[in-house]
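Residues per chain are reported as follows:
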Amino acid sequence: MSQFANVDPTEIEKFNAMASRWWDPEGDFKPLHKINPLRVQFIDQHGAGLAGKQILDVGCGGGLLTEAMAQAGGQVTGIDMSPEALSVARLHALESQLTINYQQITAEEFASQHAGTFDLVTCLEMLEHVPDPAAVVSACAQLVKPGGKVIFSTLNRTLKAKLLGVYLAEYVLQWLPKGTHDAAKFIRPSELVRAAENAGLVANAMTGIHYNPLTSSFFLSDRNVDVNYLLACHKPLATNE
């Protein structure tokens, strides 16, 4: 697949349509608002800290995670292919008085221009929205410096993830617009680890994101990765590491 073709126009239009509601904590991205502190916690822990790091957020959307990493002291670049989401991200960063470099470009094209540039690369809740997830994983591996960290998150291709991540979240609780996710595009942890290893990364840690209906809150736990999960990797300094 061409590096310029790894984009699903339907997915871009979907996120364009939702972009204006990105920063509404009770809106279309309510689950992202709820899990964002957990994501930052995991990234900070497994990315060896955020302050002073050169960070790239791949598939940044409206900038929810991007801004959080900038607030933590990172020098952050965010890339996405949704022009409407990026417009929202730029405006919110301006309002938040944060300096973030937002660009509309694919991960593959950006990697061809900025290989080995970043201390930390994040790619969260994005892989399940592109035709070729492995190509994005490879681009992330190219973009990070030797010794640097790469953090991914996505949804597992299980019946439980389909029931909770699609049916419950979109149709029952209506946290997300109907059609946000296609369960057939979810990615098993073994598939993501294999793609990371094929790209020259080493997997270090994996944890699941879980929901407690009694408290209406999310938490991280290694007990299973049946639905949403995070994967931390690093790029070896040398081939024998």
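Coordinates for the structure precede this section.
What you see is a predicted model; the values in this text were computed from it and never measured.

Draft legend 1. Geometry of the nonpolar core. By size, the foremost hydrophobic cluster in this structure holds 35 residues, and its most contacted members are Trp22, Ile43, Leu50, Met69, Tyr102 and Ile151. Those elements that provide at least two residues to this core are α1 (9-18), α2 (30-46), α3 (64-71), α4 (83-95), β4 (118-124), β6 (202-212) and β8 (228-234). The element contributing the most residues to this core is α2, with six residues. Contacts of tryptophan 22, omitting those with residues within four sequence positions, involve Phe15, Phe29, His33, Cys60, Gly61, Gly62, Gly63, Leu64, Ala85 and Val88. By size, the runner-up hydrophobic cluster in this structure holds 32 residues, among which are Phe110, Phe118, Cys123 and Val225.

Draft legend 2. Just the packing of aromatic side chains, in detail. Applying the stated criterion across every chain yields a total of five aromatic pairs. Taken together, a centroid distance of 6.1 Å and an interplanar angle of 45 degrees make the contact between phenylalanine 15 and tryptophan 22 tilted. Overall, tryptophan 22 belongs to the buried group, its relative accessible area being 6%. Here the aromatic rings of phenylalanine 15 and phenylalanine 29 are separated by 6.5 Å at their centres, their planes lie at 25 degrees, and the arrangement is stacked. Of this pair, phenylalanine 15 sits in helix α1 while phenylalanine 29 sits in the loop between α1 and α2, and the two are 14 residues apart along the sequence. Pair check on accessibility: phenylalanine 15 and phenylalanine 29 agree, each one buried. Ring-pair connections join several aromatic residues into one group, and the members of that group are Phe15, Trp22 and Phe29.

Rules and cut-offs
- Residues numbered from 1 in each chain as written.
- Predicted model: local features only at pLDDT ≥ 70, side-chain atom pairs only at ≥ 80, totals over all residues.
- Heavy atoms only, no water.
- Core = buried A, V, L, I, M, F, W, Y, C linked by side-chain atoms within 4.5 Å.
- Buried < 20%, exposed > 50% of the residue type's maximum accessible area, 1.4 Å probe, protein only.
- Helix = DSSP H or I, 4+ residues; strand = E, 2+ residues; numbered from the N terminus.
- Contact = heavy atoms within 4.5 Å.
- Phe/Tyr/Trp six-rings, centres within 6.5 Å; stacked < 30°, edge-to-face > 60°.

Fair warning: the whole summary comes from geometry, so function is off the table for now.
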